Amino acid sequence: MKLKPSKYIHKTMLVQLITYFVLVITIALCASSYFTYIYFSSSFKDEITDFNHMVLKQVSMISDKFIIKNVNELALNQILDTSKSPALKTIYNKTSFDDWKEIFDVQYELNNLVFQSRDVVDSIFIHSRSSGLLISSSPKVLKYIDEKSISAADEFSWIDTFYKSNKSILWLNTRHTRIYSSDFTSMGDIITIICSYPASSSGGAAKGLIAVNIKEDALSNYLVKFSSSGAGQFMILDGTGTIVAHSSKLELYDNVQSEPFVKTILSSSAAGGFKTTYKNTEYVVSYEKSDFNNWYYVSLIPSELFYQKDDLIKKNIFAVSFGILIILFILSNFLSFNIYTPFKKILEKYSKIAGTYNAPKKGLNEYNQLDSLFSNVFTRLNDLQATLNKNYTMI
């Protein structure tokens, strides 16, 4: 004789009780696990985002307030406050020099300024248009430069670039050029800020300029430091989409203006964030604009960082949920048996009198047995009442 499980399940109240218990428990457990996962996952993502914004804020603060601001003030103070170095004003106005001591005094003053900011500044240059003289903080550079005949390949071609820009302040892109502050290497990555003299002049009205060479390492060292914390990569972009500084030296000098995320950043004037794909990797981008120039501080967190801990959260929730499900399954069986036992005893007693009073036999659907039981009881009570009513006079 073949066993039909579906028929057995349909007829057994115990199985249905267990099924209902397990179903309710499973639904409740799945719902609680889902919301628990959403909470912890969201909390972890917020933790990464908040940490990243904090790091980005530190990078922008260090760059803006401790590097750019100080360099700006250093350059402008030499132009606006010539009382500290009266010879400086003379340099811009003279067409020729008979007293070289005057030049050496300026050179000495510039060298002192570099020494005071040696962690950030590599060298300082002053150029006079009237004489064509270029004075540097380094004794290695003291020369006459004709801005009209200087070639693009010349180390100081930026002089002509500045005068043609018709700007009073110009930031040059990071370039690999000669450096003067190191005794161990002659080449390095330099960022240059150039200011005109007088400060409000530009183009043909400028009598000269002062240029400050900033060590790119002063910026990138901080970017590398924060990047090593595992929060992704950091970069500084200028207004043209060129990478000024990066946590990876390999990315320097690249113009990434064509990248969609860079277009979004350059078209924005306020801090923000969004998701993007860069070099076949998905990132969460955060950015902030500099308060002093056209730079943007940008961080890119690989999206996988958001999901690495997600997997751990999923596994832990699954393991805990599975354990709870097993415990509750055992408990539901115990409770189901306790609920079912009284009904089972009633049905067994009822089955023993099968055949008497036309009661249905054992093996029928338990719900039908209960229905039949109550129907028979009700019928017998009605018959008893009718008999009593009929024989009432006799009693």
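Residue positions are given per chain, counting from 1 as you read along its sequence in written order. Per-residue local features of the predicted model are confined to residues with pLDDT of at least 70, and side-chain atom pairs are confined, for both listing and counting, to 80 or more; whole-chain, interface and lining totals are unaffected and use all residues. Working from all heavy atoms in the structure, the side-chain values ignore hydrogens and water.

Engineer: Describe the overall build of the protein, with residues and values.
Structural biologist: What the protein contains, in helices and strands, is nine helices and 11 strands. Any residue under 20% of the maximum accessible area for its type is buried, any over 50% is exposed, and the rest in between are partly exposed; the area is computed with a 1.4 Å probe on protein chains only. For the protein, the proportion of its 395 residues judged to be buried stands at 42%. Residues count as neighbours in contact if any of their non-hydrogen atoms are within 4.5 Å of one another. When contacts within the protein are restricted to residue pairs at least 6 apart in sequence, those whose partners lie at least 24 apart make up 57%. Carbon and sulfur atoms make up 59% of the accessible area of the protein, which amounts to about 22600 Å² in all. Helix and strand labels come from DSSP, where a helix needs a run of H or I of at least four residues and a strand needs a run of E of at least two; each type is numbered from the N terminus. In this description, accessible areas are obtained by the Shrake-Rupley approach with a 1.4 Å probe, and a residue is regarded as covered only by the protein chains that are shown.

Engineer: Outline the pattern of salt bridges, supporting the account with residue identities and numerical values.
Structural biologist: We define a salt bridge as a contact between a side-chain nitrogen of Lys or Arg and a carboxyl oxygen of Asp or Glu at a distance within 4 Å. By the definition in use, this model includes three salt bridges. The partner of aspartate 160 in a salt bridge is lysine 164, with the nearest N and O atoms 3.1 Å apart. Of this pair, aspartate 160 and lysine 164 both sit in helix H5 (residues 158–165), four residues apart, which is roughly one turn of the helix. Judged by relative accessible area, aspartate 160 falls into the buried class, the value being 16%. Judged by its relative accessible area of 61%, lysine 164 falls in the exposed class. Between lysine 279 and glutamate 251 there is a salt bridge; the shortest N-O distance is 3.0 Å.

Engineer: Which residues make up the packing of aromatic side chains, and what are the values?
Structural biologist: Working definition: a ring pair exists when centres of Phe, Tyr or Trp rings (six-membered ring for Trp) sit within 6.5 Å. Plane angles under 30 degrees give stacked, over 60 give edge-to-face, the rest tilted. For the structure shown, the criterion picks out 10 aromatic pairs. Relative to tyrosine 197, the ring of tyrosine 92 lies with its centre 4.1 Å away and its plane at 10 degrees, an arrangement referred to as stacked. With tyrosine 92 in helix H3 (residues 86–93) and tyrosine 197 in strand E5 (residues 187–197), this pair connects stretches of sequence that are 105 residues apart. Overall, tyrosine 197 belongs to the buried group, its relative accessible area being 8%.

Engineer: Give me the sheet that holds strand E7 (residues 233–237): which residues, what numbers.
Structural biologist: Pairing between strands is defined by DSSP: at least two bridges between the two strands are required. As summarised here, the arrangement of the five strands in space is E8-E7-E11-E10-E9, forming an open sheet in which the pairing is antiparallel. Lying at the two open borders of the sheet, with one neighbouring strand each, are strand E8 (243–246) and strand E9 (272–278). Ignoring which end each strand starts from, the neighbouring axes of this sheet average 30 degrees apart. The pairing of strand E10 (residues 281–289) with strand E11 (residues 296–302) spans seven bridges and is antiparallel. Paired with valine 284 across the strands is isoleucine 301, a residue of E11. All axes are obtained by fitting lines to C-alpha atoms, using only the stretch in contact for helices, and the reported angles, taken between N-to-C directions, cover 0 to 180 degrees.

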